[in-house]
Amino acid sequence: MSTATEQPTGATAIRPFHAAFASEAVGDLRRRLAATRWPPKEVVDDASQGVQSAAIEELVRYWSSDYDLGRLQARLNALPQFKTQIDGLDIHFIHAKSDHENSLPLIITHGWPGSVVEMLDVVGPLTDPTAHGGRAEDAFDLVLPSLPGYGLSEVPTSVGWEPGRVARAWAQLMKRLGYTRYVAQGGDVGAAVTDTMASQAPDGLAGIHLNFLRRPPLEVAAAVFGGAPVPDGLTDEERAAFEPLARQFKKGYIIEQGQSPQTIGYALTDSPAGLAAWILDHDADAYDKIRRAFVDGTPSGGLTRDSVLDNITLYWLTATATSAARIYWESAHTRAPAAGQAPPEVSLPVAFTVFPGEIFRAPRSWAERVYPNLIYFNEVGRGGHFAAWEEPELFAGEMRAAFRSLR
């Protein structure tokens, strides 16, 4: 473990934190669930019209009657939590240190529609690898922050909290915690933050790991985001990645949250059933796994009924659906490179893992083109977009392997 002493005071002090959700808010949630006004059932036999009635109705039934509404608070408070003010905002984070010597500090950033709930089950495998089939020398100190406006972090009251600003805040957080050398990981929005951290290359950042490619090659990005023609010469593997990538970025939640997060936020903040349906309608693989957990009772790894509801309940009880959605608007309004201009170069070491249920399976050829210092690339046999949440042990194994050469 590499640390240096820094002792901020006042608002910037590292302050212990315990989650506490008011009983009135829990009671209000139960009343709203009981009063859900349902739309007509879909008129197709698949999910082509969106989240299916059987899935959301069973989720709401379970949430209102069988789910332990004290569970989320207990899970969070079982881990060391803190808050500190960075760039004017109170940032919530979990800081779980390893008992093993020379543990490597690792900051992991969640995405949307996730939260720190995604990462709770990787804490044990990463901080105590010997209890989970690993070696003591593969241990990590974990820093798991909540994105601004998500869950227990403060909601921004002005514009500007795009991934680059978050990346700078995370570098400040690691410095404030005393870490002089560390690594970073992210998927989804967390991949955008982590990629940007690598391009900013703050002092102490030794390398990154991603499980979602937010930086495709220029001609691919131009076709997906800018309306350019499909690139010529794609291999079969690259075409198999291009098509689902292009479909995903036409999804309703990306367009609506990128254009009008406030509009959708009124519904998400008023209806827990509406919030749940919006969160479920993210990607086909994750939706199908969550649907099966509720309808068939067959969860996929960590995507159990209770853990899915832990995440949705955190959004509801903190009323952060709107502020969380805004990062899409912020990203859309960030000054981007001109058409055909490459994003800032990343020279730091980069590791990448492909999980088979991901929105698109990034080809190694793309990763090597955008990350010239690719030190690790692996395709695993299980898991999807929410890799750490669904397959925490497998995810932890990838972190050990990916960062072993950087210790």
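Refer to the structure printed above.
Residues numbered from 1 in each chain as written. Predicted model: local features only at pLDDT ≥ 70, side-chain atom pairs only at ≥ 80, totals over all residues. Heavy atoms only, no water.

Engineer: How should I be thinking about the packing of helix H12 (residues 284-295) against helix H13 (residues 305-318) in this particular structure?
Structural biologist: The relative placement of two packed helices comes down to the angle between their axes together with the axis-to-axis distance. The N-to-C vectors of H12 and H13 enclose an angle of 115°; their axes lie 9 Å apart at closest approach. In contact with Ile-290, Ala-293 and Phe-294 of H12, H13 contributes Arg-305, Val-308 and Leu-309. Residues of the contact of H12 with H13, tallied by class, amount to 5 nonpolar, no polar and 1 charged. (Axes fitted to C-alpha atoms, helices over the stretch in contact; angles between N-to-C directions. Helix = DSSP H or I, 4+ residues; strand = E, 2+ residues; numbered from the N terminus. Contact = heavy atoms within 4.5 Å. Nonpolar A, V, L, I, M, F, W, Y, C, P; charged D, E, K, R; others polar.)

Engineer: Can you walk me through the environment of Leu-29 in this structure?
Structural biologist: One can find Leu-29 in helix H1 (residues 23-34). Sequence separation of Leu-29 and Asp-270 is 241 residues, and the distance between their C-alpha atoms is 10.0 Å. Here Leu-29 is in contact with Trp-63, Leu-69, Pro-272 and Trp-316, once residues within four sequence places are set aside.

Engineer: How should the pairing of strand S3 (residues 89-96) be read in this particular structure?
Structural biologist: Both faces of the sheet carry side chains from a regular strand, because those side chains alternate between them. Of all 8 residues in S3, 8 are buried; the element is thus mostly enclosed. Here S3 shows a buried face lined by Leu-89, Ile-91, Phe-93 and His-95 and a second buried face lined by Asp-90, His-92, Ile-94 and Ala-96. Of the strand pairs in this sheet, strand S2 (residues 81-86) and S3 are connected by 6 bridges, and their pairing is antiparallel. Note that in S3 the partner of Thr-84 across the bridge is Ile-91. (Buried < 20%, exposed > 50% of the residue type's maximum accessible area, 1.4 Å probe, protein only. Pairing = 2+ DSSP bridges.)

Engineer: Mind showing me how you'd approach the pattern of salt bridges here?
Structural biologist: In a structure, side chains of opposite charge can pair up when their charged atoms sit close to one another. Per the counting criterion, the structure on display carries 25 salt bridges. The closest approach of N and O atoms between Asp-121 and Arg-75, which form a salt bridge, is 3.2 Å. Separated by 46 residues along the polypeptide, Asp-121 in the loop between strand S4 (104-109) and helix H4 (123-127) and Arg-75 in helix H3 (residues 71-77) bring together distant segments of the chain. In this structure Asp-121 comes out as partly exposed when scored by relative accessible area, which is 37%. Across the pair Arg-75 and Asp-310 runs a salt bridge whose closest N-O atoms are separated by 2.7 Å. Residue Arg-75 is found in helix H3, and its partner Asp-310 is found in helix H13; the two are separated by 235 residues along the sequence. (Salt bridge = Lys/Arg side-chain N within 4 Å of Asp/Glu carboxyl O.)

Engineer: It is not clear to me how the sheet that holds S2 should be interpreted in this structure. Could you clarify?
Structural biologist: Sheet strands line up and pair through hydrogen bonds in the backbone, either parallel or antiparallel. Read from one edge of the open sheet, 9 strands run S1-S2-S3-S5-S4-S6-S7-S8-S9, paired in mixed fashion. Each end of this open sheet is capped by a strand with a single partner; those strands are strand S1 (15-17) and strand S9 (374-379). Going across the sheet, the axis of each strand differs from the next one's by a mean of 25°, ignoring polarity. In terms of strand pairing, strand S7 (residues 205-210) meets strand S8 (residues 350-354) through 3 bridges, oriented parallel. Bridge pairing in S8 places Ile-208 opposite Val-350. Relative to S2, helix H5 (residues 163-176) is tilted by about 120°, and along the sheet it contacts S2, S3, S4, strand S5 (140-145) and strand S6 (182-186).

Engineer: Even after reading the chapter, I still don't get H12, so can you show me in this structure?
Structural biologist: Each turn of an α-helix holds 3.6 residues, which means side chains three or four residues apart point in the same direction. Here H12 spans 16 Å end to end across 12 residues, near enough to the 16 Å set by a 1.5 Å rise per residue. Its buried side turned inward, H12 meets helix H2 (53-65), helix H11 (272-280), H13 and helix H16 (387-390). Put simply, Asp-283 is the residue that caps the front of H12, since its side-chain oxygen is 3.3 Å from the backbone nitrogen of Asp-285. Gly-297 lies just past H12 and shows a positive phi near 75°. (Expected span 1.5 Å × (residues − 1). Polar contact = N/O pair within 3.5 Å; in protein donor to acceptor, adjacent residues only side chain to side chain.)

Engineer: What is the right way to look at the packing of aromatic side chains in this model?
Structural biologist: Evaluated as defined, the whole model comprises 12 aromatic pairs. Here the aromatic rings of Phe-140 and Phe-403 are separated by 6.2 Å at their centres, their planes lie at 70°, and the arrangement is edge-to-face. Taken together, the residues span a long stretch of sequence, with Phe-140 in strand S5 and Phe-403 in helix H17 (residues 392-403) at a distance of 263 residues. For Phe-140, a relative accessible area of 0% translates into the label buried. Of the residues examined, Phe-403 reaches a relative accessible area of 0% and is grouped as buried. Here the aromatic rings of Phe-352 and Phe-377 are separated by 5.9 Å at their centres, their planes lie at 10°, and the arrangement is stacked. With Phe-352 in strand S8 and Phe-377 in strand S9, the pair connects residues that are 25 residues apart, well separated along the chain. (Phe/Tyr/Trp six-rings, centres within 6.5 Å; stacked < 30°, edge-to-face > 60°.)

Engineer: Would you explain the nonpolar core in this entry?
Structural biologist: Soluble globular proteins tend to pack their nonpolar side chains together in the buried interior. In terms of nonpolar packing, the biggest core is built from 127 residues, with Leu-59, Trp-63 and Ile-312 touching the most fellow members. Once residues within four sequence positions are removed from consideration, Trp-63 is found in contact with Leu-29, Arg-30, Leu-33, Leu-69, Pro-272, Ala-276, Leu-309, Ile-312 and Thr-313. (Core = buried A, V, L, I, M, F, W, Y, C linked by side-chain atoms within 4.5 Å.)

Engineer: I would appreciate a short explanation of the side chain of Thr-322 in the present structure.
Structural biologist: By secondary structure assignment, the location of Thr-322 is in helix H14 (residues 321-332). Judged by relative accessible area, which is 9%, Thr-322 ranks as buried. Within the structure, Thr-322 has its side chain in polar contact with the side chain of Thr-269 (distance 3.3 Å).

Engineer: Just to check I follow, could you spell out the pairing of S9 for this structure?
Structural biologist: Of the pairings in the sheet, the one linking S8 to S9 comprises 5 bridges and is parallel in character. By the bridge assignment, Ala-351 is partnered in S9 with Tyr-376. Handedness of the S8-helix H15 (residues 364-370)-S9 crossover: right-handed. (Right-handed = clockwise from strand over helix to strand, strands pointing away.)

Engineer: Explain the packing of H2 against H13 to me, please; I cannot follow it from the model alone.
Structural biologist: Look at H2 against H13: their axes get within 11 Å of each other, and the N-to-C directions meet at 80°. As summarised for this structure, H2 and H13 are arranged roughly perpendicular, according to the angle between their axes. Along the contact surface, H2 presents Glu-58, Leu-59, Arg-61, Tyr-62 and Trp-63, while H13 presents Arg-305, Asp-306, Leu-309, Ile-312 and Thr-313. Tallied by class, residues from the contact of H2 with H13 come to 5 nonpolar, 1 polar and 4 charged. (Parallel < 35°, antiparallel > 145°, perpendicular 65-115°, else oblique.)

That's the geometry; what it means functionally is another story.
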